[in-house]
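A closer look at the structure
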Amino acid sequence: MAGMIKKEDVEKVRAAADLYDIVSASVALKPSGTGTYVGLCPFHDEKTGSFNVRPSLGVWHCFGCGLGGDVFKFVEQQENIDFREAVELLADRYHIELHYEQTGTGRPDGERSGSRRARLLEVNEEAQRFFVSQIMSKEALAARKLLGGRNFSQADCERFGCGYAPQGWDNLVRHLASKGFTQQEMLDAGLARQGQRGVYDYFRGRVTWPIRDSTGRTLGFGARKLYEDDTIAAKYINTPDTQLYRKNQVLYGIDLAKAAIVKKRQVVIVEGYTDVMAMHLAGIDTAVATCGTAFGAEHAKIVRRLIADDSLGAIQLIGPRKVDGQVVSSRVVFTFDGDAAGQKAALHAFGLDSAFLTQTFVAVADDNLDPCDLRIRRGDQAVRSLIEGARPLYDFVIETAIDRFDTQFTTGQMGAVHAVAPVIAQIRDRSLLDVYTRKAARRVGVDLDILQREVAAARRAAHVRDEDAYAPRGARRGFGGETAAERERRDENPYANPAERKALERRDARNQTYFRVDDAVFVCEQQFMATLIQVPRAVDRTLFAQLTADSFTTPVFRTMFQALEAAGGLPADATPQGLWMHALTKAGGPMLEQVINELAVMPLPLPSASASAQGDGGAAAGAGGVVSGTAPGMTGPGGTAAAAVQLRPATPAESRYATELLVRLIDMDYMRRVADARRRMARLPDGEEKFALLGRVAKLEAARKDLQSQVYNNNVA
């Protein structure tokens, strides 16, 4: 195996990787101050965005779970890979050739087979090209008839990547082998199976659809049965779980629908691949589908990160909201069937988060037609009307339970009460629980107290806990209805998830009482360190040279100053932004990594005019980087180049602010030293030592006056 990746190549990848582009592929980011973006954290469950990204600094940090880092750390966390694989994955994405240090294996430096994950992506892309190439073959006539019979043209099939897997046992295996892929890579990607006589194709004689992530990378495939003699009885099969593909974490069509979902704050969940196609062709461009599994908590997290709305600031909107120009918005619309299976699926959705459910609606077509069949029989307008006429999930499930009984008779009324009470009992939001109990009692025709007693009994039996959907973020529970502490009491390992481990550590840190620091001192030191990290060129080098570790009262900032000295002090003006952050983080080590990340994304209290004073350079440049040597086509948010940034010159406002903080730190250091000298003088008798301390005090007082005079003269100038 090749040795370590050469450092210069790692820095090339770091400079080329667009953090905004990479993060926004899975998180809906919104501007929050100059150059900072905020969204819902992809690594822990939250309802109010605490995930901050500063593209120009190449840093992200979540104030909720404590995770953070650079672009490599984000890819590591998201893809569950190590640092080397993260570098290789990004190198593949940005077409950067990597070189490796020479090792004892005798392998040439430039030779590289690519990371395992990158190879799996490549083999899936090649398989997709093969399936598409077969759709127009003579053998694929049955596939073309099936798609054509559903009103899908050839152009429609090309748009959605429809393909055909030939009937032979090893057509794909032989094709992939000719392209240089190993049998193990085919097996690991779920494209082949191991048989007694060798490796054979998993998908055979079926129509195929590529299942992609939000960036368009092919993770796996779905396939429909065409022939009665198919050895696999299931009508639809999917790629088995692999390193790339997890059926409970992917949504078919997310690559096509993501932009529209974010814009319209709406997502439509359907049950099949052809339903997604029909929806999009009918104008519902927010449609996605689960892949061989019920819609669950992981799917809900993906959706909520894209449709989250905090337009009123800290208040997280949890219900459907009116949006100008949109008939349906801030909604998740399920197209359940009206039959028993659809009702079961709707009941399953009740196990999801309560705030998520307030945005959830159900659309059921007449005669229980799925969207594809509805489009065939009644056209595109019928499909659009289906979504526009969706009903809230709570209403759908409750009314369905009641309508099974003839409530004109007393026995039917009590049957409806017993059927609907366990359903209503699952509503964890106390205010909604009361409203729907009253509505159901009126619909059944019984006294309210009768239904309330049954609902209360059902809640006790099911151990349902109340949840205020409007409570602060930290007070809410996860999708399973449990807190980390409750899982801990059940002897589960709360440290298995890095985000949950961070939350527990932060909880314990908040409960401590042994450390307190004066707010004014802490704020000054914190703001200076944040300015130093974000805009190091704003710091006056002459004044900075007067600082020592003893200039800081707060232990963490004293340690950070020592780490800064270990990193070589203030960086040169030509230092790349990413390299500055990397060097500082490396010098700080794991104990300071989270602190550095927090300070890097923390807003500075500068005048709003400072943003405009930076010109029209865009969000990325305005937050901490001047573009230099940008690779072609590398652009950040708003079209601003975001690669290969160097430390930018500070604005006048930033320089003044940094100088003000520096002067405060130096002055406080002088004051502490004067106070220390005076305390020592008070304990000494008159003599040489006391006079020496007196002279030291005089020098320190003079230095304070010189410092203030220097700052005054600079401000006047």
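If you're wondering where the values come from, they're calculated on a predicted model, not measured in any experiment. (Residues numbered from 1 in each chain as written. Predicted model: local features only at pLDDT ≥ 70, side-chain atom pairs only at ≥ 80, totals over all residues. Heavy atoms only, no water.)

Regarding the packing of aromatic side chains
Considering all chains together, one arrives at 23 aromatic pairs under this definition. Arranged with centres 4.9 Å apart and planes meeting at 65°, the rings of Tyr20 and Tyr37 form a pair that is edge-to-face. A residue pair is termed long-range when its members are at least 10 positions apart, and Tyr20 in helix 2 (residues 19–24) and Tyr37 in strand 2 (residues 37–39) qualify at 17 residues. Taking the relative accessible area as the measure of exposure, Tyr20 reaches 19% and is therefore buried. Taking 5.6 Å as the distance between ring centres and 35° as the angle between the ring planes, the aromatic pair formed by Phe51 and Trp60 counts as tilted. Of the two residues, Phe51 and Trp60, both sit in the buried class. Joined through ring pairs, the aromatic side chains of Phe130, Phe131, Tyr202, Phe203 and Phe221 make up one cluster. Across from the ring centre of Trp169, 4.3 Å away, lies the NZ or CZ of Arg204, which sits over that ring. (Phe/Tyr/Trp six-rings, centres within 6.5 Å; stacked < 30°, edge-to-face > 60°. Helix = DSSP H or I, 4+ residues; strand = E, 2+ residues; numbered from the N terminus. Buried < 20%, exposed > 50% of the residue type's maximum accessible area, 1.4 Å probe, protein only. Lys NZ or Arg CZ within 6 Å of the ring centre and 35° of its normal.)

Considering unusual backbone geometry
One non-glycine residue, His95, lies in the positive phi region at around 55°. Along the chain, His95 falls in the loop between helix 4 (83–93) and helix 5 (116–134). With relative accessibility at 74%, the residue His95 sits in the exposed group. In the Ramachandran plot, Asn151 falls in the positive-phi region, its phi being about 65° despite a non-glycine side chain. Residue placement: Asn151 occurs in the loop between helix 6 (141–148) and helix 7 (154–160). Looking at Asn151, the relative accessible area reads 39%, which means it is partly exposed.

Quick look at the sheet that holds strand 14 (residues 331–334)
Here 5 strands make up an open sheet; going across it, the order is 13-12-14-15-16 and the pairing mixed. Sheet topology places strand 13 (287–289) and strand 16 (391–392) at the edges, where each strand pairs with a single neighbour. Sheet topology note: the strand 12 (residues 266–270)/strand 13 ladder contains 3 bridges and is parallel. Paired with Val270 across the two strands is Ala289, which belongs to strand 13. The strands that helix 10 (residues 254–264) touches are strand 12 and strand 13; relative to strand 13, the one it contacts most, it runs at about 130°. (Pairing = 2+ DSSP bridges. Contact = heavy atoms within 4.5 Å. Axes fitted to C-alpha atoms, helices over the stretch in contact; angles between N-to-C directions.)

Re helix 5
In this model, helix 5 (19 residues) spans 27 Å end to end at C-alpha, consistent with the 27 Å of a helix rising 1.5 Å per residue. If you check which residues of helix 5 are buried, you get Arg117, Ala118, Arg119, Leu120, Leu121, Val123, Asn124, Glu126, Ala127, Gln128, Phe130 and Phe131. (Expected span 1.5 Å × (residues − 1).)

Brief notes about the environment of Arg465
By the element assignment, Arg465 lies in the loop between helix 20 (448–462) and helix 21 (484–489). Residue classification places Arg465 among the partly exposed residues on the basis of a relative accessible area of 46%.

Looking at the pattern of salt bridges
Considering all chains together, one arrives at 23 salt bridges under this definition. Here Asp170 and Arg174 are joined by a salt bridge, their closest N and O atoms 3.2 Å apart. Look at Asp170 and you get partly exposed, because its relative accessible area is 30%. One network of salt bridges, in which partners are shared, links Glu11, Arg14 and Asp70. (Salt bridge = Lys/Arg side-chain N within 4 Å of Asp/Glu carboxyl O.)

Quick notes on the nonpolar core
Leu147, Leu191, Phe203, Tyr252 and Met279 are the most contacted members of the largest nonpolar core, which totals 66 residues. Look past the residues within four positions of Met279 in its chain and what remains in contact with it is Val268, Val270, Ile284, Ala287, Thr335, Pro371, Val383, Leu386 and Ile387. Counting 48 residues, the second largest nonpolar core, distinct from the first, contains Val59, Met529, Leu547 and Phe552. (Core = buried A, V, L, I, M, F, W, Y, C linked by side-chain atoms within 4.5 Å.)

A short note on the sheet that holds strand 4 (residues 59–62)
Strands sit in the order 1-2-3-4-5 across an open sheet of 5 strands; the sheet is antiparallel. The open sheet terminates on both sides in strands that have one partner only, identified here as strand 1 (30–31) and strand 5 (68–69). Packing of helix 3 (residues 71–79) onto the sheet brings it into contact with strand 3 (51–54), strand 4 and strand 5, and relative to strand 4 it is tilted by some 50°.

As for the pairing of strand 7 (residues 192–195)
The sheet contact formed by strand 7 and strand 8 (residues 198–201) spans 4 bridges and is antiparallel. Residue pairing for strand 8: Arg193 is matched across the bridge by Tyr200. Counting the residues in the hairpin turn of strand 7 and strand 8 gives 2 residues.

Brief notes about the packing of helix 3 against helix 4
The packing of two helices is summarised by the inter-axis angle and the distance between the axes. The contact between helix 3 and helix 4 brings their axes to 9 Å, and the two run at 105°. Here helix 4 runs roughly perpendicular to helix 3, going by the angle between their axes. Contacts between helix 3 and helix 4 involve Val71, Phe72, Val75, Glu76 and Glu79 from the former and Phe83, Ala86, Val87, Leu89 and Leu90 from the latter. Looking at the contact of helix 3 with helix 4 residue by residue, the class counts come to 8 nonpolar, no polar and 2 charged. (Parallel < 35°, antiparallel > 145°, perpendicular 65-115°, else oblique. Nonpolar A, V, L, I, M, F, W, Y, C, P; charged D, E, K, R; others polar.)

Considerations on the environment of Phe203
Turning to its location among the elements, Phe203 is positioned in the loop between strand 8 and strand 9 (206–212). In this structure the C-alpha to C-alpha distance between Phe203 and Gly168, which are 35 residues apart in sequence, comes to 9.7 Å. Look past the residues within four positions of Phe203 in its chain and what remains in contact with it is Phe131, Ala165, Pro166, Gly190, Leu191, Phe221, Ala223, Ile237, Asn238 and Thr239.

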